[in-house]
Amino acid sequence: MIKGKNAVETAVPGKWGYRCTGMSYINFPRMLLCTMNNGVDLTSNKRFTKGYGYFTEMESYEELLKAWDKTIREITRYSVIVENVIDKASERDVPDILCSALTDDCIARGKTIKEGGAVYDFISGLQVGIANMADCLAAIKKLVYEEKKITRQELWDAILDDFSSPENKKIQEMLIREAPKYGNDDDYVDQLIVEAYDSYIEEIEKYPNTRYNRGPIGGIRYAGTSSISANVGQGMSTMATPDGRNAFEPLAEGCSPAHNSDKNGPTAVFKSVSKLRTNKITGGVLLNQKMTPQMLSTEENRQKLELLIKTFFNRLHGYHVQYNIVSKETLIDAQKHPENHKDLIVRVAGYSAFFNVLSKKTQDDIIGRTEQSLM
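Since we're looking at a predicted model, the values are computed, not measured.

Asks: Residue-level account of the pattern of salt bridges, with values.
Replies: Under the definition given, this model contains 28 salt bridges. Residue D121 is joined to R211 by a salt bridge in which the shortest nitrogen-to-oxygen separation is 2.5 Å. Here D121, found in strand 2 (residues 120-128), pairs with R211, found in the loop between helix 8 (187-204) and strand 3 (217-222); they are 90 residues apart in sequence, far enough to count as distant. In terms of burial, D121 and R211 fall into one category: buried. In this structure, E300 engages K304 in a salt bridge whose closest nitrogen and oxygen atoms are separated by 3.9 Å. With a gap of four residues between them, E300 and K304 both fall in helix 11 (residues 299-314), about one helical turn apart. A relative accessible area of 53% means that E300 is categorised as exposed. Linked by salt bridges that have partners in common, D69, R73, R77, E202, E203 and K206 make up one network.

Asks: An account of the side chain of K275 is requested, with residue identities and associated values reported.
Replies: Note on placement: K275 falls in the loop between helix 10 (265-274) and strand 4 (288-291). Discounting residues that sit within four places of it in the chain, K275 has contacts with D185, D186, D187, D190, Q191 and V194.

Asks: Tell me what's going on with the environment of L42, and back it up with residues and numbers.
Replies: In this fold, L42 is placed in the loop between helix 1 (28-36) and helix 2 (61-93). The spatial distance from the C-alpha of L42 to the C-alpha of T238 is 8.0 Å, given a sequence separation of 196 residues. L42 has contacts with L33, N37, W156, I159, L160 and M239, leaving out every residue within four places of it along the chain.

Cut-off values and rules
- Residues numbered from 1 in each chain as written.
- Predicted model: local features only at pLDDT ≥ 70, side-chain atom pairs only at ≥ 80, totals over all residues.
- Heavy atoms only, no water.
- Salt bridge = Lys/Arg side-chain N within 4 Å of Asp/Glu carboxyl O.
- Helix = DSSP H or I, 4+ residues; strand = E, 2+ residues; numbered from the N terminus.
- Buried < 20%, exposed > 50% of the residue type's maximum accessible area, 1.4 Å probe, protein only.
- Contact = heavy atoms within 4.5 Å.

This is the structure:
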């Protein structure tokens, strides 16, 4: 793949132009909080969008969803403006001659990849916190609007308090334990994220990139969950969320379930992920899974994993999955004694890296991933 920062986008080596991965990240859970706060970001206290109401005044889940639809479409348009500015500046100042010379059909067309010289040219923005968004919506819909175990004001106050008071800790426990969680093949929660994600997918398809009609095939944009390791950094700028996550903690990476919320095994994870519109999210539907070496120590289990992966792609039309085959104990020891694990390589997102060069928060994020079983 030419110029891609991730290894999960659909690409044609030697023909793909400029980049698959876009230069804008949209933090879904942070934008949900913004939606709930009439367009004002909780972290910075700055207005991000026009504002479509306060959560505490929304009498139905449908009202919240309508506000989300307007908010995410508005912020999507802003992200396109940002990307277009970057693209035009790059075209003017960074022609990337070497890459263009190695990409069909720049030489014949007499254009660099940034001028539309490539055969194919597509951009995907990056959407972060897919699983958190799903779990947030499920918690709000079930516990606030349907079962009425938590009032709108109680939930909002608990979020602002970061679940620190005894009363709000009880609300946090309820959000974590009593609401359905993405990654368990539960249509209740899985369909909520599909519906919410559709607003972004429908909006981003409206805006061609700056090379549209200048030579390449495509020149359009699409969705992508390849958040690289931005889930950690994005989490550090996100307040507490309605799924019970504390402020500034990492968000779930890629389209993977939030850590240890997937209780029903790898098959259920695959089935949840396959419900996403993978044919539209061609910037990468990045799924990380982790197993211990002991789990794959027998031929029987290795065959189980092979059949599981084949089924994911052949029957469920899965897009991508990658594995870390390493125990939690090994990772913790590598964190404490890096000198003894200099050759330990882990799969972070769409790329691999030496474990010891990663930030501690990224290391902790990898350590915290669910260890799946084949039993």
